[in-house]
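Chain residues, written in single-letter form:
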Amino acid sequence: MIPRLKPILGMDEFLSLFCRISNAVEHFENEFAQAAGVKHAIAYPYGRSALWAFFKALGLENAEVVQPAYTCVVVSHATVLSGNTPRFIDIRLNDYNADLDQVAASINENTRAVIATHLFGYPLNVDSLNAIVRSAEERFGHKIWIIQDCAHSFGARWQGKLVSQHGDVSLYGLNISKMITSIFGGMMTTDDANLADRLRKWRDENFHQAGIVKSLSRSLYLLAIYPAFNPSLYGMMYWLQEQTPLLNSLTKAYHLDEMIRLPPDFQDAMLNVEARVGLAQLRKYESILSARCENARFYESRLAGIEGLELPPMVDGATYSHYVIRVKDRQRVMKEMARRGVQVGQLIEYSIPHMDAYRKYASGHSFQNSLLCSQTTINLPIYPGLSEMELQKISSALIETMHVVN
Ligand SMILES: *Cc1c(COP(=O)(O)O)cnc(C)c1O
């Protein structure tokens, strides 16, 4: 079976598990900043820790934080647990990003930050967003931070310029489902030296070094990924995932228990071993990004015009963390695809203001597009290393599936 996602791991990452480098985290930060086209990067154990720590370090509390209704729920968890309130915005169906007119209308005197999410690798119109935020700052007389959420959009560009070079800070997640990985891990980047110092200082005073046991377990976790995502073994993995609870904790969404919380180790420092793996991944950064774009173009050429598929837009500067299609009967499509040896993903399968824990933040809005996407999106395997034959197999499987379900 062809897995829905696959981290790009080779000999370099394997070897990096065993050779200790001193100050690996600092090295990783420096090289990550370079790849993101900015001056500073600060490492965390998760992306959500970076966001949480940002609010804490700046003393932001009891403020409204504008964010999309359709995004990874850990963003909202970090917002709430830092003592702030999410203000949700519906997305647009043409690129899955927040509707900027609604962003403009939602900013009020309590707004202290806007999270600019570039979902599925699609660049948000950062120029419009900047104009909206600058004018709101003038109106309300205080700073409103722009936090770019680049967890899906490594290397994405708006009008030729990296989105990570806009706004005040940019946020990244680095788990194995992301475009590059450091096992787990997160980063926050910025061009502002004072801000970087402040964030780093707060992190160093409030995050703790984890012990050897965690390093070992993270190394074993990464080692287990190598065979697990091998297509000839993946059929068994898939069966285990579907039929037994064994792997759910590892592979299924870890946040569907509807609880607002962060993992127990969210205030650990990034591990040396995680940084080493991240360094090895950065060497492949450009080739990973370009392979994803190529695979997206392949699908576009095969699937355009097939009835029942709402294909993702092809956008200049997008980097396609996911190749997202909307279909009517998602469960049926996923089942038919699995029968044909292809696992498709269903990311993101919830709309945050529709979740029990977040209903009280919905403030009477209906978030129709967010709800629609939560029920109808699938995503095709799009990682580098898919052979032309595999891409062909996936496309044919989907075309056949649509004949069956239509
Ligand atoms: C993965 C992700 C994050 C950060 O996730 P962590 O698991 O905390 O590293 C933030 N935003 C989006 C949109 C994500 O997909």
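About the cut-offs
Residues numbered from 1 in each chain as written. Predicted model: local features only at pLDDT ≥ 70, side-chain atom pairs only at ≥ 80, totals over all residues. Heavy atoms only, no water. Helix = DSSP H or I, 4+ residues; strand = E, 2+ residues; numbered from the N terminus. Rg over C-alpha atoms; globule rule 2.2 N^0.38 Å. Buried < 20%, exposed > 50% of the residue type's maximum accessible area, 1.4 Å probe, protein only. Contact = heavy atoms within 4.5 Å. Lys, Arg positive; Asp, Glu negative; His and termini not counted. Charge placed at Lys NZ, Arg CZ, Asp CG, Glu CD. Salt bridge = Lys/Arg side-chain N within 4 Å of Asp/Glu carboxyl O. Core = buried A, V, L, I, M, F, W, Y, C linked by side-chain atoms within 4.5 Å. Near = heavy atom within 4 Å. Polar contact = N/O pair within 3.5 Å; in protein donor to acceptor, adjacent residues only side chain to side chain. Areas by Shrake-Rupley, 256 points an atom, 1.4 Å probe, with all protein chains shown as cover.

**Q** What is the right way to look at the overall build of the protein chain in this model?
**A** A tally of regular secondary structure across the protein chain gives 15 helices and 11 strands. Rg of the C-alpha trace for the protein chain: 20 Å, near the compact-globule value of 22 Å for 406 residues, within the 12% margin. Seen through its principal axes, the protein chain has C-alpha atoms that stretch 60 × 50 × 40 Å. Within the protein chain, the proportion of its 406 residues that are buried is 59%. When contacts within the protein chain are restricted to residue pairs at least 6 apart in sequence, long-range pairs at least 24 apart make up 75% of them. Side chains of the protein chain give 39 positive and 41 negative charges; the mean places of these two sets differ by 3 Å.

**Q** Help me out: how do you make sense of the pattern of salt bridges in this one?
**A** For side chains bearing opposite charge, pairing can occur when the charged atoms are close. Inspection of every chain in the model, using the stated rule, returns 18 salt bridges. For E13, the salt bridge identified is with K284, shortest N-O distance 2.8 Å. Remark: K284 occurs in the loop between α11 (272-282) and α12 (285-303) and E13 occurs in helix α1 (residues 11-16); sequence separation between them is 271 residues. Judged on exposure class, the residue E13 and its partner K284 are both buried. For R340, the salt bridge identified is with E400, shortest N-O distance 2.8 Å. Taken together, the positions of R340 in the loop between α13 (330-339) and α14 (368-376) and E400 in helix α15 (residues 388-405) put the pair 60 residues apart, joining distant regions of the chain. Given the relative accessible area of 21%, R340 is considered partly exposed. Overall, E400 belongs to the partly exposed group, its relative accessible area being 41%. If you follow the salt bridges from partner to partner, you end up with K214, R218, D265, D268 and E274 in one network.

**Q** Just to check I follow, could you spell out the nonpolar core for this structure?
**A** Note that soluble globular proteins tend to have their nonpolar side chains buried in a common cluster. Grouped together as the largest cluster of nonpolar side chains are 50 residues, with contacts concentrated most on Y96, Y299, I325, M337, L380 and L398. Elements that contribute at least two residues to this core include exactly α4 (73-81), α12, β10 (323-326), α13, β11 (377-380) and α15. Residues contacting L398, with those up to four places away along its chain left out, are L303, L309, I325, V333, M337 and L380. The next biggest cluster of nonpolar side chains, apart from the first, holds 29 residues, and it includes Y44, V75, W145 and I147.

**Q** What's the story with the site of the ligand in this structure? I'm lost.
**A** In the neighbourhood of the ligand, 15 residues make up the surrounding shell, with G47, R48, D149, H152 and K178 lying closest. A distance of 2.9 Å is found between an oxygen atom of the ligand and a side-chain nitrogen or oxygen belonging to H152. K178 places a polar side-chain atom, nitrogen or oxygen, 2.7 Å from an oxygen atom of the ligand. For the ligand, whose accessible area on its own is 380 Å², the fraction buried by protein is 97%. When residues of the shell around the ligand are traced back to their parent elements, those giving at least two are α3 (47-57) and α4.

**Q** Help me understand the side chain of N84, please; the structure alone is not making it clear to me.
**A** Looking at where N84 falls in the secondary structure, it is placed in the loop between α4 and β3 (85-89). N84 sits in the buried class, given a relative accessible area of 3%. A distance of 3.4 Å separates a polar side-chain atom of N84 from the backbone nitrogen of E61. If near-sequence neighbours (up to four positions away) are discounted, N84 is found in contact with F55, L60, E61, N62, A63, V65 and T79.

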